[in-house]
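So you can see what is in the structure, the chains are spelled out below.
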Amino acid sequence: MSNVVSYQVVDNIGVISVNNPPVNALAQVVRAGILEAVTAAQNDATDALVLRCEGRTFIAGADITEFGKPPQGPGLPEVLGAIENSTKPVIAAIHGTALGGGFEVSLACHYRCAIASAKVGLPEVKLGLLPGAGGTQRVPRIAGVKVALDMITSGNPIGAEKAKALNLIDEVVGGDDVQAGAIAYAKELVASGAPLKRIRDITIDPATVEPGFFDAARKQLAARARGQIAPDRIVSCIEAAVGQPMDAGLDRERELFMELVSSPESAAMRHIFFAERQAAKIKDLPRDTPLREVKKVAVIGGGTMGGGIAMCFANVGIKVVMVEINDEALARGLGIIEKNYAITMKKGKLTEAQVAQCMGAISGTTDYGDLADVDLVIEAVFENLELKKEIFAKLDAVCKPGAILASNTSYQDIDAIAAATKRPQDVLGMHFFSPANVMKLLEVVRGEKTADDALATAMAIGKKIGKVCALSRVCYGFIGNRMLGGYGRESQMLLLDGCTPAQVDSALEGFGMAMGPLAMGDLAGLDVGYKAREGRTDLPNDPKLYRMGTVLVEMDRFGQKTGAGFYKYDPATRARMNDPEIEALIKSEAAALGVEQREVSEQEILERCLYPLINEGALILEEGIAQRPSDIDVVYVFGYAFPAPKGGPMHYADHVGLKNVYDKICEFRDRYGEDYWKPAPLLEKLAKEGKTFAQWGAEQE
Ligand code: 3HC
Ligand code: NAI
């Protein structure tokens, strides 16, 4: 027997144990081990077999690192066949999470039991895939077509009790000891002469499926697909489960799985899966860097960001104190939090008791003296360096030694803020994204003097509150906002060149961005960018630069908050509408600036908006601001809604080919000048060497 799969007999029950840390993924050795164990057990004296796992979880799926490599037998279908055809019952004993291929293994078993804390799910869609080992065929057979569609297209896991109610598992066994529970359950099944239940023997009667069900599902999924093809293929597989024999459905599933596994969308989403986990690792910090204890947090400023940040901590049971300038501002800040929780409760995401518990974790004060016992402070006051320095000096005076002092600043210099204290080693940036209680990204900004344990603690606490953390060094705008400069600039330049706002936005929305750059400007407020530009001396002196944004602000069209910006907004529904007045204004501004308008292709819109992200990303890598190309992808996918099926800007660049990107940037440089288009030396080097960012990143690890 292989050393990752062992076999032992307990009270006449054969127990097959998988031990392949960290998550018991179905690597070749695991598949071979299970196959061997099930085959051998056919000839021993046991009455039934239990399939269980060591460690923190049941099998969490196929080994994703094996995708794209030459397949090595035995394949999963062969293993599942051996289980399903066993002459004695096989019972899956689930703890932790039975995901993807792991849950599919359990579906080939004759019975499934789980402890109450376990979850089951088919998350393949999140990797641009579909369940490729019978999941699309077996789930509709036992739980119905609708449950299967929801479960497989959402990819979300389901808790044990609910899974039992949906018939996805047969039994919830008591206690934490899944092995003991499963053995007892197996004995009961043997004693009662329970049959060998094979899901494959069930036929779904087509009359049980509403006419038009699959077409409606396809339409609904296409509306939120954002560049994903997997949801559509999942519908096709489930459709093939209806009225057809199991093997026909399995053939269809295999065919579509093979299509997806070799698609660029899935490659990009698998890249993001590993990039997310890699981003949590700081290259020059040992994994066992000691952490500081964080039991109580203070948030300074209860505005847009402060409220959301406070909620993040309260949600995981960490006490938070919110500091505001006066009682009125404090009451407003706490009031917004309360309203947000009420909305969450209405959506059924939290119970009344849970909301009460969260609100109970949040207190307020106007007295900095109350911060003597906090372990972490996150400052989220107005974006003003002098004010922030003043606050950090105050914090330095009142906070206990070792407290971590973080700023949520979007652009300010963390080192300058740290210099306002006598403890720069405790100062760093924790840059949340709006709305802070929803957006997944947290940029952790490492100052020149930030201590290793302070940094490691910030990353760990970020994970604890459910964020995806990426590390940035100090620069204007850190990774994400710094890269955004050229993206916003070109979206406006394209208007002068002849595009309408709708043309620019729909090109990027077609690419998969949740919202185009101009609509995004309207949402964030055009006045914000206007004010930020006022203080900047580093921008080229060019009347075309941000011309339309400036004109709109001067017309008091700030975007959604004033009902109009690049678009008009319906006061009742907030629906965006094209505005002929603005389209005419763009034409006249272009004429006044001497810009000859022309037809601009969708391809050019994409290149002009996206390539600046890539070029700035290359500079950020050379300067060591980001640790690795994949960290930049994480920032964009989780903080800026860059489409995961495109894998983030750096992965996308590799997909397009760095030489193609470089050549295009050179073409734009020759057309529009070096002020805007200057190829980053790293991009030029890699393009000339025929390398990718991914290869360069791997060399640097
Ligand atoms: N294959 C290979 N490696 C995997 C893996 C998998 N399926 N799942 C997790 N890992 C690795 C991670 O990369 C990470 O490695 P690292 O320590 O070197 O960074 C390590 O295992 C631990 O993972 P997490 O940090 O994510 O651990 P958590 O405890 O936070 O989460 C989990 C555990 C919920 C199981 C989570 O890892 C997860 O969601 N995994 C992916 C599950 C999945 O997508 N399964 C479907 C795979 S596709 C499939 O099965 C196709 C089939 O239908 C044929
Ligand atoms: P905001 O204007 O909504 O809130 C700021 C709050 O700070 C106000 O309620 C104000 O009363 C309070 N405040 C001011 N001085 C204070 C003091 N001395 N002590 C205590 N409270 C004080 O601002 P917002 O949007 O929440 O931004 C806060 C910070 O977060 C800024 O640095 C901003 O750049 C950053 N940020 C903002 C994002 C956004 O989308 N709004 C996104 C990410 C970061």
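Residues numbered from 1 in each chain as written. Chains lettered and ligands numbered in written order. Predicted model: local features only at pLDDT ≥ 70, side-chain atom pairs only at ≥ 80, totals over all residues. Heavy atoms only, no water.

1. Quick notes on the site of ligand 2
Surveying the vicinity of ligand 2 reveals 22 residues, the closest of which are Met305, Glu324, Glu383, Lys388 and Ser410. Taking Glu324, its side chain carries an N or O atom lying 2.5 Å from an oxygen atom of ligand 2. When ligand 2 sits alone it has 840 Å² of accessible area, and the protein chains cover 80% of it. Every element with two or more residues in the shell around ligand 2 is listed here: helix H12 (304–315), helix H15 (385–398) and strand S15 (427–432). (Near = heavy atom within 4 Å. Polar contact = N/O pair within 3.5 Å; in protein donor to acceptor, adjacent residues only side chain to side chain. Areas by Shrake-Rupley, 256 points an atom, 1.4 Å probe, with all protein chains shown as cover. Helix = DSSP H or I, 4+ residues; strand = E, 2+ residues; numbered from the N terminus.)

2. Observations concerning helix H28 (residues 681–689)
For an α-helix, the turn length of 3.6 residues means that residues three or four places apart are oriented alike. Among all positions of H28, only Leu682, Leu683, Leu686 and Ala687 are buried. On an axial view of H28, the arc spanned by its buried residues comes to 130°, and they lie on one face. The inward-facing, buried residues of H28 abut helix H24 (602–622), helix H27 (658–672) and helix H29 (693–700). Positive phi shows up at Gly690, right after H28, with a value of about 70°. (Buried < 20%, exposed > 50% of the residue type's maximum accessible area, 1.4 Å probe, protein only. Arc of directions from axis to C-beta. Contact = heavy atoms within 4.5 Å.)

3. Details of the site of ligand 1
Ala62, Glu104, Glu124, Arg277 and Lys281 are the nearest of the 24 residues found near ligand 1. Here Glu124 contributes a side-chain N or O atom positioned 2.6 Å from an oxygen atom of ligand 1. Protein contact buries 76% of the 1,000 Å² of open area that ligand 1 shows by itself. Taken together, the elements giving at least two residues each to the shell around ligand 1 come down to strand S5 (97–99), helix H3 (101–108) and helix H11 (264–279). No other element matches H11, which puts 3 residues into the shell around ligand 1. Its residues assigned to classes, the shell around ligand 1 shows 13 nonpolar, 5 polar and 6 charged. (Nonpolar A, V, L, I, M, F, W, Y, C, P; charged D, E, K, R; others polar.)

4. Examining the packing of H11 against helix H25 (residues 629–639)
At a closest axis distance of 9 Å, the pairing of H11 and H25 adopts a crossing angle of 105°. With respect to each other, H11 and H25 are oriented roughly perpendicular. Contact residues: H11 offers His271, Ile272, Ala275, Glu276, Gln278 and Ala279, while H25 offers Ser630, Asp631, Asp633, Val634, Val637 and Phe638. When its residues are assigned to classes, the contact of H11 with H25 shows 6 nonpolar, 3 polar and 3 charged. (Axes fitted to C-alpha atoms, helices over the stretch in contact; angles between N-to-C directions. Parallel < 35°, antiparallel > 145°, perpendicular 65-115°, else oblique.)

5. Quick word on the side chain of His431
When you line up the elements, His431 lands in strand S15. Using a relative accessible area of 3% as the deciding quantity, one classes His431 as buried. The residues touching His431, leaving out its near neighbours within four places in the chain, are Ser407, Asn408, Thr409, Ser410, Leu441, Leu442, Glu443, Phe478 and Asn481.

6. A closer look at the packing of helix H18 (residues 478–497) against H25
Interhelical geometry of H18 versus H25 gives an angle of 75° and a closest axis separation of 9 Å. Between H18 and H25, the interaxial angle falls into the category roughly perpendicular. From H18, Ile479, Gly480, Met483 and Leu484 reach across to H25, where they touch Ile632, Val635 and Tyr636. Across the contact of H18 with H25, the residue classes break down as 6 nonpolar, 1 polar and no charged.

7. Examining the pattern of salt bridges
When their charged atoms lie close together, side chains carrying opposite charge are able to pair. All told, the structure shown has 56 salt bridges when counted by the stated rule. Lys531 is paired through a salt bridge with Asp527; the nearest N and O atoms lie 4.0 Å apart. With Lys531 and Asp527 both in helix H21 (residues 526–534), this residue pair falls 4 residues apart, about one helical turn. Through salt bridges that share partners, Arg489, Glu490, Asp497, Arg598, Glu604, Glu607, Arg608, Lys664, Glu667 and Arg671 make up one connected network. (Salt bridge = Lys/Arg side-chain N within 4 Å of Asp/Glu carboxyl O.)

8. Digging into H27
Helix length check: H27 (15 residues) gives 21 Å between terminal C-alpha atoms against 21 Å at 1.5 Å per residue, within 8%. All buried positions along H27 are accounted for by Leu658, Val661, Tyr662, Ile665, Cys666 and Phe668. All buried residues of H27 project into a common sector of 165° when viewed along the axis, lining one side. Where the residues of H27 are buried, they touch H24, helix H26 (649–656), H28 and H29. Backbone geometry just downstream of H27 places Gly673 in the positive-phi region, at approximately 100°. (Expected span 1.5 Å × (residues − 1).)

9. Notes on the nonpolar core
Soluble globular proteins tend to pack their nonpolar side chains together in the buried interior. Ile34, Ile83, Ile91, Phe103, Val139 and Leu168 are the most contacted members of the largest nonpolar core, which totals 89 residues. Here Ile91 is in contact with Ala48, Leu49, Val50, Leu51, Tyr111, Cys113, Tyr185, Ala186 and Leu189, once residues within four sequence places are set aside. Judged by nonpolar contacts, the second largest core, of 77 residues, contains Val468, Met513, Ile586 and Val661. (Core = buried A, V, L, I, M, F, W, Y, C linked by side-chain atoms within 4.5 Å.)

10. Regarding unusual backbone geometry
Residue Pro21 is joined to Pro22 through a cis peptide bond whose omega torsion reads 5°. Inspection of the secondary structure assignment puts Pro22 in the loop between strand S2 (13–18) and helix H1 (28–41). The peptide bond linking Gly73 to Pro74 adopts the cis configuration, its omega dihedral lying at -5°. Positive phi, normally seen in glycine, also occurs at Asn12, with a value near 70°. With respect to the secondary-structure elements, Asn12 resides in the loop between strand S1 (5–10) and S2. Relative accessible area serves as the criterion here: at 37%, Asn12 is assigned to the partly exposed category.

11. Here we look at the domain arrangement of the protein
Often, the extent of an interface is quoted as the loss of accessible area upon association of its parts. Once the domains are mapped, the protein shows domain 1 (5–261), domain 2 (296–473), domain 3 (481–600) and domain 4 (603–700). Inter-centroid distance (C-alpha atoms) of domain 3 to domain 4 is 23 Å. Taken together, the contact between domain 3 and domain 4 spans 26 residues of the former and 28 residues of the latter. When domain 3 packs against domain 4, the two sides together hide about 2,400 Å² of surface, and 65% of this comes from carbon and sulfur. It is Arg482, Met483 and Phe511 in domain 3 that bury the most area against domain 4; as a group they hold 36% of the surface buried on that side. Inspection of the domain 3/domain 4 interface yields 5 salt bridges. A salt bridge links Arg482 to Glu623; the nearest nitrogen and oxygen atoms lie 2.9 Å apart. Where the side of domain 3 that touches domain 4 is concerned, the elements lending two or more residues are H18 and helix H19 (501–511). Per-element accounting of the side of domain 3 that touches domain 4 gives the leading share, 12 residues, to H18. Residues of the side of domain 3 that touches domain 4, tallied by class, amount to 15 nonpolar, 5 polar and 6 charged. (Domains from an automatic or database assignment. Buried area = accessible area lost by both parts, 1.4 Å probe.)

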